[in-house]
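Listed below, chain by chain, are the residues.
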Amino acid sequence: MTTLIDAPPSDADALLPPTKKQAGGGLGQYILVRFLLIFPTILILVTMVFFLMRVTGDPITAAMGGRLPPDQLQERIHAAGYDRPLLVQYFEYLGQLATGNFGTTLSDNRKVIEMLTTYGAATLELAINALIVALLVGIPLGMIAAHRRDHLPDAVLRILAILFYATPVFFAGMLMKLVFSVWLGWLPVAGRAGTRTELSLTALEAPTGIYWLDALRSGNTAAFSDVMSHAVLPAVTLGLLTAGVFLRLVRTNVIGTLGKDYVEAGRSRGVSEFRLVTKHAYKPALIPIITVMGLQIAVLLGGAVLTETTFEWKGLGFQLANYLTARDFVAVQGIVVLLAVIVAVTNFIVDIIAALIDPRVRY
């Protein structure tokens, strides 16, 4: 029997059974939410850094205590405003950050923002080089390990992945220097480039600070060769740390993909195992790589401190170690805040790329 609904058209919808709303949102909503999450993340990190830096007292006492008479020390503390209540200093610091003012270093009296732009390019160059090494090593070896699952190559590569990830960066760096610089003499021991190359690159108009990019822009092949020879050992040392993670991720995901129905269908049609791995199974395995890449940027930046110190690569990590030794907490605060911003923004970009590749991430 058919039941008629005797109601005006405007009220008829209220008598119909409720429809289930679709879960999740579109790409625009996903991007907006991820973008808005950047700000509380940075605020939490900035707050933690600020108060942890104040555990031992004000920055001037930490840096100059014992080297200045008490009256001069108090004058400098009062002039910098560090004798005011801590919360007042905190909110003033947030206001300065909002205007791009990171303060002035205590040990060498430089604007922190100037120091960050000077040395930040070197750390960016090292991170890019290391990420390239990690991708070139981790992805192919992970595919080989999946293709030769439960055979000798797979066992060897899994052990290598553990060694890559577990070996301390400074130990790997010293070992690399000992073998390839001291014993074999193939590569430079330290630095970003030779003195002549550095002078020629810094004299360029509007240099980027990324030496290999500046060498390419100038068309100076000798400088490019010099820069790349200096970059090999630091990039490999830091890149292998992340390559171990990529290797295991690719191996696990390719093995999982090889068990899917469409792969089994291709196998039943006589498609070779090598073609299945290289053409059909590796693309889905790259999605976790992209997702984890944001986290690995933080690992690379953390490892850059030890890598730059080991190879005297004058970037933010190298400067951070020097400023920690000098107990210059204003400079340390600025470097850590910048690294936090880089990690937060990188994770946002990675989330967007992952959502574009795999729509399931948005829901």
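Residues numbered from 1 in each chain as written. Predicted model: local features only at pLDDT ≥ 70, side-chain atom pairs only at ≥ 80, totals over all residues. Heavy atoms only, no water.

S.K.: What is the right way to look at the overall build of the chain in this model?
M.R.: On a plain count of helices and strands, the chain comes out with 15 helices and 0 strands. Within the span of the chain, comprising 363 residues, buried residues form 40% of the whole. In the chain, of all internal contacts separated by at least 6 residues, the share reaching a separation of at least 24 is 71%. (Helix = DSSP H or I, 4+ residues; strand = E, 2+ residues; numbered from the N terminus. Buried < 20%, exposed > 50% of the residue type's maximum accessible area, 1.4 Å probe, protein only. Contact = heavy atoms within 4.5 Å.)

S.K.: For this particular structure, what's the right way to read the packing of helix α8 (residues 169-183) against helix α11 (residues 221-258)?
M.R.: Helices that pack against each other are described as a pair by the angle of their axes relative to one another and the distance between those axes. Running from N to C, α8 and α11 point in directions that differ by 140 degrees, and their axes come no closer than 9 Å. In this view, α8 runs oblique relative to α11, as classed from their interaxial angle. Between α8 and α11 lies a crossing whose hand is right-handed. Counting all contacts with α8, which are made through Val169, Ala172, Gly173, Met176, Lys177, Phe180 and Ser181, the residues of α11 involved are Leu233, Val236, Thr237, Leu240 and Leu241. (Axes fitted to C-alpha atoms, helices over the stretch in contact; angles between N-to-C directions. Parallel < 35°, antiparallel > 145°, perpendicular 65-115°, else oblique. Left-handed = near helix turned anticlockwise from the far one by under 90°.)

S.K.: Can you walk me through the environment of Val350 in this structure?
M.R.: Looking at where Val350 falls in the secondary structure, it is placed in helix α15 (residues 329-357). Residues Val350 and Leu295, 55 residues apart in the sequence, show an inter-C-alpha distance of 9.4 Å.

S.K.: Explain the confidence of the model for the chain to me, please; I cannot follow it from the model alone.
M.R.: Keep in mind that low pLDDT regions are not for reading the predicted coordinates in detail. When the pLDDT values of the chain are averaged, the result is 81; 86% of them are 70 or greater. α8 holds the highest mean pLDDT among the elements of the chain, 91, whereas helix α1 (residues 9-15) holds the lowest, 47. Below a pLDDT of 50 lies the segment residues 1-13, which in the model reaches 3 contacts outside its immediate sequence neighbourhood of four places, other chains included. Considering only residues more than four positions removed or in separate chains, one finds that residues 19-24, a stretch of pLDDT under 50, has 3 contacts. (pLDDT = per-residue confidence, 0-100.)

S.K.: How should the pattern of salt bridges be read in this particular structure?
M.R.: Close approach of charged atoms lets side chains of opposite charge pair. Enumeration over the complete set of coordinates arrives at 7 salt bridges. The salt bridge involving Asp214 is made with Arg217; its shortest N-O contact spans 3.1 Å. With Asp214 and Arg217 both in helix α10 (residues 211-218), this residue pair falls 3 residues apart, about one helical turn. A residue is classified by how much of its surface remains accessible, and Arg217, at 47% relative accessible area, is partly exposed. (Salt bridge = Lys/Arg side-chain N within 4 Å of Asp/Glu carboxyl O.)

S.K.: Could you clarify how one ought to interpret a nonpolar patch on the surface in this entry?
M.R.: Nonpolar side chains collect at one region of the surface, where Phe170, Phe171, Met174, Leu175, Leu178, Val182, Trp183, Leu184, Trp186 and Leu306 lie side by side and expose about 1100 Å² of accessible area between them. Ranked by residue count, the leading element in the nonpolar patch is α8, at 7 residues. Relative to the assigned elements, Leu306 resides in helix α13 (residues 273-311). (Patch = residues over 30% accessible without salt bridge, like charges linked within 9 Å, V, L, I, M, F, W, Y side chains within 5 Å. Areas by Shrake-Rupley, 256 points an atom, 1.4 Å probe, with all protein chains shown as cover.)

S.K.: Explain helix α14 (residues 316-325) to me, please; I cannot follow it from the model alone.
M.R.: For an α-helix the count is 3.6 residues per turn, leaving residues at separations of three or four pointing the same way. Of the positions making up α14, those classed as buried are Leu316, Gly317, Phe318, Gln319, Leu320 and Tyr323. Phi turns positive, to about 55 degrees, at Arg327, one or two residues after α14.

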